[in-house]
Amino acid sequence: MSRFISKRIQEMSVYVPGEQPQGGNFIKLNTNENPYPPSPMVTAALREMPADKPKLYPDPSCMALKRAIAEFYKLDAKEVFVGNGSDEVLSSAFRAFFDEGDKVYFADITYGFYKVYSSLYGLQATEIPLATDFHIELSDYMGLDGHMLIANPNAPTGLYHTRQEMEAVIQANPDRLVIIDEAYIDFGGESCIPLIRKYDNLLVVQTFSKSRALAGMRLGFGIGSPALVEALEKVKFSMNPYNINQMTMAAGIASMQDRGYFEETTRKIVATRERFSAELQARGFTVLPSRTNFVFAKSQTLSGRELYEYLKDRKILVRHFDVPRISEYLRISIGTDQEMDALLAALPQE
Ligand code: PMP
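Residues numbered from 1 in each chain as written. Predicted model: local features only at pLDDT ≥ 70, side-chain atom pairs only at ≥ 80, totals over all residues. Heavy atoms only, no water.

On to empty space enclosed by the protein. Summed over all chains, the structure comprises 1 cavity of 30 Å³ or more. In this structure, the largest cavity spans a volume of roughly 70 Å³. Lining the largest cavity are 13 residues, and of these Ser-39, Ser-211, Arg-212, Tyr-261 and Phe-262 sit closest to its centre. For the lining of the largest cavity, the element with the highest residue contribution is helix 9 (residues 259–282), accounting for 3 residues. (1 Å grid on protein atoms, 1.4 Å probe; cavity = no way out; pocket = protein on both sides within 12 Å on 5 of 7 lines; lining within 4 Å. Points joined across faces, edges and corners; volume = space filled by probe spheres on them. Helix = DSSP H or I, 4+ residues; strand = E, 2+ residues; numbered from the N terminus.)

Following this line, the structure appears as structure tokens:
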């Protein structure tokens, strides 16, 4: 190890992304990507980009993109922050709103980056255990003495709380920031975006990576009061003012403009999820009720590790988390009907 490495980085446990095999012809159901291509309007926007556009820096205010997002959600562009993936939005929020030593709360089983950012920024993080059936016990989040992050629907469980239930948490913590990570909200959930004008302690974070099939472009957004957005902009202009590149900007705008394609593809994924969940249950699996583009499921006969290996040997990649409480489960992204049928056909008899 280099003698120049900072103490904090020396001690960090980093986020481990799902495998991205380069070649090998896998059916890839391990990182919750969309099985369908982005909107044809995105493809057209990328194709029509003037050849000399990349020589210029992108618009650091990202105004056209913010306007497209604002139009989709009936917001003001001042209520929109855009980042290089929602990971960057989350990281910027940690920077903008939490000081070293601050307390933050999140579930013991949730998106791994909350813990990673907490140690990167020197926060005092407390993990609140999920209930035994894996739902987030929202009563544990009432009147906390620190800020909080809640993924809704949660990952990797896929379980969801209604907007009304989330509103009770926001209301019960008026002097704490409540960050709601809605990476998977478009697959059957009700977003908390309409609450941002009512609560100045709410930041909603979403992504183009899942329901908009743009994981490779890296684009996410945060929605909150103009004051919260201003603070996020301050972080961005202290670190990386050109965080959204020209291609991503064009892709994001076109994606937001094609509501019909977005609705059609998310509807297809939800239908595939419901059919696949029922098929797994018929084969004896325990399947949590998902409101996302993945299912969290457990075999009756094989351990999580064994089934992961078994499927990988058959060129099907799913996600296994070798951590307490969930090591018997697999997180399986929803692909096309054909891909899910191939997985079902490959399963051993239960
Ligand atoms: N939040 C959750 C809950 C996620 O599962 C992911 C995807 N790994 C992200 C945020 C980050 O997604 P992205 O950076 O691709 O927008």
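Moving on, we get to the packing of helix 4 (residues 85–97) against helix 7 (residues 226–239). Two elements in contact, helix 4 and helix 7, have axes whose closest approach is 9 Å; the angle formed by their N-to-C orientations is 100 degrees. Judged on the interaxial angle alone, helix 7 and helix 4 are roughly perpendicular. Counting all contacts with helix 4, which are made through Val-89, Ser-92, Ala-93, Arg-95, Ala-96 and Phe-97, the residues of helix 7 involved are Leu-228, Ala-231, Leu-232, Val-235 and Met-239. Its residues assigned to classes, the contact of helix 4 with helix 7 shows 9 nonpolar, 1 polar and 1 charged. (Axes fitted to C-alpha atoms, helices over the stretch in contact; angles between N-to-C directions. Parallel < 35°, antiparallel > 145°, perpendicular 65-115°, else oblique. Contact = heavy atoms within 4.5 Å. Nonpolar A, V, L, I, M, F, W, Y, C, P; charged D, E, K, R; others polar.)

Attention now moves to the confidence of the model for the chain. Model confidence for the chain is summarised by a mean pLDDT of 96, while 100% of its residues fall at 70 or above. Taking the mean pLDDT of every element in the chain, the minimum, 89, falls on helix 1 (residues 7–11) and the maximum, 99, on strand 7 (residues 202–207). (pLDDT = per-residue confidence, 0-100.)

Between helix 9 and helix 11 (residues 337–346), the shortest axis-to-axis distance is 10 Å and the interhelical angle comes to 10 degrees. Between helix 9 and helix 11, the crossing angle belongs to the class labelled roughly parallel. In this structure, helix 9 uses Thr-272, Arg-275, Phe-276, Glu-279 and Leu-280 to contact helix 11, whose residues at the interface are Asp-337, Met-340, Asp-341, Leu-343 and Leu-344. A per-class count over the contact of helix 9 with helix 11 returns 5 nonpolar, 1 polar and 4 charged.

Near the ligand the following residues occur: Tyr-15, Gly-85, Ser-86, Asp-87, Tyr-111, Asp-181, Ala-183, Tyr-184, Thr-207, Ser-209, Lys-210 and Arg-218. For the ligand, a nitrogen atom lies 3.4 Å from a polar atom in the side chain of Tyr-111. At 2.6 Å, a side-chain N or O of Ser-209 approaches an oxygen atom of the ligand. Burial of the ligand by the protein amounts to 91% of the accessible area it has alone, namely 400 Å². Judged by the fraction of its atoms near the pocket grid, the ligand is located in the largest pocket. Looking at which element gives the most residues to the shell around the ligand, the answer is helix 4, with 3 residues. (Near = heavy atom within 4 Å. Polar contact = N/O pair within 3.5 Å; in protein donor to acceptor, adjacent residues only side chain to side chain. Areas by Shrake-Rupley, 256 points an atom, 1.4 Å probe, with all protein chains shown as cover. Sits in = over half its atoms within 2 Å of the grid points.)

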